[in-house]
Amino acid sequence: MITIHTIAELRAALSKERFKGKRIGFVPTMGNLHEGHLQLIDQAKSCSDIVVSSIFVNPLQFGAGEDLDNYPRTLLADQEKLASRGCNFLFAPTDAEVYPHGREAQTQVEVPVISDMYCGESRPGHFRGVSTVVCKLFGMVQPDVAIFGEKDFQQLMVIRRMTEDLSLPVEIQGAPIARNEHGLALSSRNGYLSPEELKTATVLNQTLRTTRDALLSGSKAFAELEEQAQNTLETAGFKRDYYKICRRSDLQAASEDDNAIVIVAAAYLGPARLIDNIQIDL
Ligand code: PAF
């Protein structure tokens, strides 16, 4: 695997591959890679000839008081992991390479409505930062296909919408959530949790599955189910963020006639904010 730090070198390397007719798959990340990221690489390999991953801890998507400074930067270990899964190129740019005029002067990409709900409400400006950097990375890599984890379900929807609205010639694929043996969704932020908190963290997915089972048994008492779930999480030691039974097409609150559902949840546990979701076809 070749590691590249500048846009000019990246373009030179990838234009050769494109000239040979190779299909380019892209997996953007912020590093500190775990098995979930590596499964995105596997998926990219299965649908493209050349796999490019990026590692860039994007300051634009972190709010004041969030974990930008402490976000784990583990480039050497990440390089080894990516190489072991057959990634061809790693693009690891500096802040100045991505935002040459500074962050304040950067043109931004804003996907309305969907960016303002749930995670967007708890983290104002977060999705503007995500859509801006992903749009820029798409311009740098010019991939044929890009893979994003379904754990960040709202992020995936924001990126799909941005790609469609800006007519970007990139196929967006979602990848199933990777979980540990207790059902906990793999996340770089799980590393912030103590062994005790890691055990408690599994309650998030258990709660989602309980709500799913109630919906599959025919319950339409959405508000009640959401409140029960929030209480279960609080009793286990979480602090509330959101827990919502949604229509999968646009993440609006589900109505009784909706069949394609996703339950999206975020909750604070100790130093971490955890998110998870579950999709249901009723
Ligand atoms: O999901 C992430 O790791 C980030 O939000 C992404 C898509 C790499 C953009 O910085």
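Right, let's walk through the structure included here. (Residues numbered from 1 in each chain as written. Predicted model: local features only at pLDDT ≥ 70, side-chain atom pairs only at ≥ 80, totals over all residues. Heavy atoms only, no water.)

**So, the side chain of Q173**
Okay, step 1: With respect to the helices and strands, Q173 occurs in strand β6 (residues 171–175).
Okay, step 2: According to the relative accessible area criterion, Q173 is buried, its value standing at 18%.
Okay, step 3: The contacts of Q173, once residues within four sequence positions are left out, are Q43, C47, V145, A146, I147, F148, L156 and R160. (Helix = DSSP H or I, 4+ residues; strand = E, 2+ residues; numbered from the N terminus. Buried < 20%, exposed > 50% of the residue type's maximum accessible area, 1.4 Å probe, protein only. Contact = heavy atoms within 4.5 Å.)

**Side note on the pairing of strand β8 (residues 260–269)**
Okay, step 1: The element β8 is extensively covered by neighbouring structure, given that eight of its 10 residues are classed as buried.
Okay, step 2: Pairing between strand β7 (residues 239–247) and β8: eight bridges, direction antiparallel. Paired with R240 across the strands is A267, a residue of β8.
Okay, step 3: As paired strands, β8 and strand β9 (residues 272–281) are joined by 10 bridges and run antiparallel to one another. Across the sheet, the residue bridging to Y268 is R273, located in β9.
Okay, step 4: In sequence, β8 turns back onto β9 through a hairpin of two residues, with G270 there showing a positive phi of about 55°. (Pairing = 2+ DSSP bridges.)

**What to know about the site of the ligand**
Okay, step 1: Every residue near the ligand is listed here: P28, T29, M30, Q61, V133, V134, F148 and Q155.
Okay, step 2: A distance of 2.6 Å separates an oxygen atom of the ligand from a polar side-chain atom of Q61.
Okay, step 3: For the ligand, whose accessible area on its own is 290 Å², the fraction buried by protein is 88%.
Okay, step 4: Every element with two or more residues in the shell around the ligand is listed here: β2 (24–29) and α6 (126–141).
Okay, step 5: Here the shell around the ligand is composed, by residue class, of five nonpolar, three polar and no charged. (Near = heavy atom within 4 Å. Polar contact = N/O pair within 3.5 Å; in protein donor to acceptor, adjacent residues only side chain to side chain. Areas by Shrake-Rupley, 256 points an atom, 1.4 Å probe, with all protein chains shown as cover. Nonpolar A, V, L, I, M, F, W, Y, C, P; charged D, E, K, R; others polar.)

**Describing the pattern of salt bridges**
Okay, step 1: The tally for this structure, following the rule as stated, stands at 18 salt bridges.
Okay, step 2: Ionic pairing is found between R161 and D165, a salt bridge with its closest N-O pair at 3.2 Å. Linking R161 with D165, this pair stays in helix α7 (residues 153–165), spanning four residues, or about one helical turn.
Okay, step 3: Residue classification places R161 among the partly exposed residues on the basis of a relative accessible area of 43%.
Okay, step 4: The partner of D241 in a salt bridge is R273, and the shortest N-O contact between them spans 2.8 Å. Taken together, the residues span a long stretch of sequence, with D241 in strand β7 and R273 in strand β9 at a distance of 32 residues.
Okay, step 5: Residue R273 is classed as buried on the basis of its relative accessible area, which comes to 16%.
Okay, step 6: One connected set of salt bridges, linked through shared partners, spans E35, D42 and R85. (Salt bridge = Lys/Arg side-chain N within 4 Å of Asp/Glu carboxyl O.)

**Some remarks on the sheet that holds β7**
Okay, step 1: With antiparallel pairing, the three strands of this open sheet are ordered in space as β7-β8-β9. The sheet is open, and its two edges are formed by β7 and β9, each paired on a single side. The average angle at which neighbouring strand axes cross in this sheet is 10°, direction not considered. (Axes fitted to C-alpha atoms, helices over the stretch in contact; angles between N-to-C directions.)

**Remarks on the sheet that holds strand β4 (residues 89–91)**
The strands making up a sheet associate through backbone hydrogen bonding, with each pair oriented either parallel or antiparallel.
Okay, step 1: Across the sheet, which stays open at both edges, the six strands sit in the order β1-β4-β3-β2-β5-β6 with parallel pairing between neighbours. The two strands at the open ends of the sheet, each matched to only one other strand, are β1 (2–4) and β6. Across this sheet, the average inter-strand angle for adjacent strands is 25°, counted without regard to direction.
Okay, step 2: Pairing between strand β5 (residues 145–149) and β6: five bridges, direction parallel. Looking at the pairing, F148 lines up with G174 of β6.
Okay, step 3: The sheet contacts of helix α2 (residues 35–46) involve β2, β3 (50–55), β5 and β6, and relative to β5 the element is tilted by about 150°.
Okay, step 4: Across the sheet, helix α3 (residues 75–84) lies against β1, β3 and β4, angled at about 165° from β3, the strand it touches most.

**Observations concerning the nonpolar core**
Okay, step 1: Counting residues in hydrophobic clusters, the biggest one holds 47 residues, and the most contacted among them are L10, V52, V134, F138, F148, I172 and L251.
Okay, step 2: Ranked by residue count, the leading element in this core is α6, at nine residues.
Okay, step 3: Ranked by size, the runner-up nonpolar core spans 24 residues in total, among them L184, L193, L208 and L225. (Core = buried A, V, L, I, M, F, W, Y, C linked by side-chain atoms within 4.5 Å.)

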